[in-house]
Amino acid sequence: MQRVVVLVLGVCLATIPVLAAAADEELPFEVQRLSDRVLVFKELSPWESNHVVIVSAAGLVLVDPGHTAVMGRLIREAVARELGRDRFAYVIDTHDHWGHTWGNSAFPEALVVGHENARRSMQADAANLERRAVYMRGQADLAAARLAEIDPDGDEARAARRERDQFDRLAAGLAEPGFTIQPPQLTFTDRLRLDLGDLSLEMTY
């Protein structure tokens, strides 16, 4: 029997419940296995988001690839470690925000799916790339300055280091040579159903 998974697009996935797991200090997210076919990557800071991988007969599906190709590649590498493969059939953007969509370019083999509004918004938001990169570099510098003023062994310093590293990652990804913003290639206005063989994904706006 084919399963149907319903995704509501136009909303943030940051409220998906996740199972407790120890964070990998080298990664900006916790990797959590919800079932034999669902992984969740829960970002730790400075903005919490979730990135979901679904295993299907048609291939891997990633919901929200993160803020840049740098984050997308980290997700891809973690998926390869967890599942032993890293080729994706689809990337689904739940909404237009750059923190959830600008990682699309890390998955050139996948068809990117999203709402028509997300496509239009992402095309317009591309004009903010340089300004956003400068801002994130400034935030990374501020986080580093705060870190220099606090106890390096305390919990506050641990959080500050994580924040600094994430802003560094954001700034580097936005300024990466050749970085491009890839809007959804397959769009819809009301609903869309993807047949993945052993399950279907039903996207509803």
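Before any of the text, the structure's been laid out above.
Residues numbered from 1 in each chain as written. Predicted model: local features only at pLDDT ≥ 70, side-chain atom pairs only at ≥ 80, totals over all residues. Heavy atoms only, no water.

Undergrad: Whenever I open this one, the overall build of the protein chain confuses me. Can you help?
TA: What the protein chain contains, in helices and strands, is five helices and ten strands. Here the contacts in the protein chain between residues at least 6 apart in sequence split such that 63% fall between residues at least 24 apart. (Helix = DSSP H or I, 4+ residues; strand = E, 2+ residues; numbered from the N terminus. Contact = heavy atoms within 4.5 Å.)

Undergrad: Explain helix H3 (residues 116–125) here, please?
TA: Because an α-helix packs 3.6 residues into every turn, residues spaced three or four apart end up facing the same way. Those residues of H3 lying buried are Ala118, Met122 and Asp125. Here the buried residues of H3 occupy an arc of 65° about the axis, which is enough to place them on one side. On the buried face of H3, the contacting elements are helix H2 (98–101), strand E7 (111–115) and helix H4 (129–147). (Buried < 20%, exposed > 50% of the residue type's maximum accessible area, 1.4 Å probe, protein only. Arc of directions from axis to C-beta.)

Undergrad: So what exactly am I meant to see when it comes to the pairing of strand E6 (residues 88–92) here?
TA: A regular strand places its side chains on the two faces of the sheet in alternate fashion. Taken across its five residues, E6 has four buried, putting it largely inside the fold. The pairing of strand E5 (residues 59–63) with E6 spans four bridges and is parallel. Of the residues in E6, the one forming a bridge with leucine 62 is valine 91. In this view, the connection linking E5 to its parallel neighbour E6 by way of helix H1 (residues 69–83) has right-handed handedness. Pairing between E6 and E7: three bridges, direction parallel. Paired with isoleucine 92 across the strands is valine 113, a residue of E7. (Pairing = 2+ DSSP bridges. Right-handed = clockwise from strand over helix to strand, strands pointing away.)

Read these as layout, nothing more, since geometry by itself doesn't imply function.
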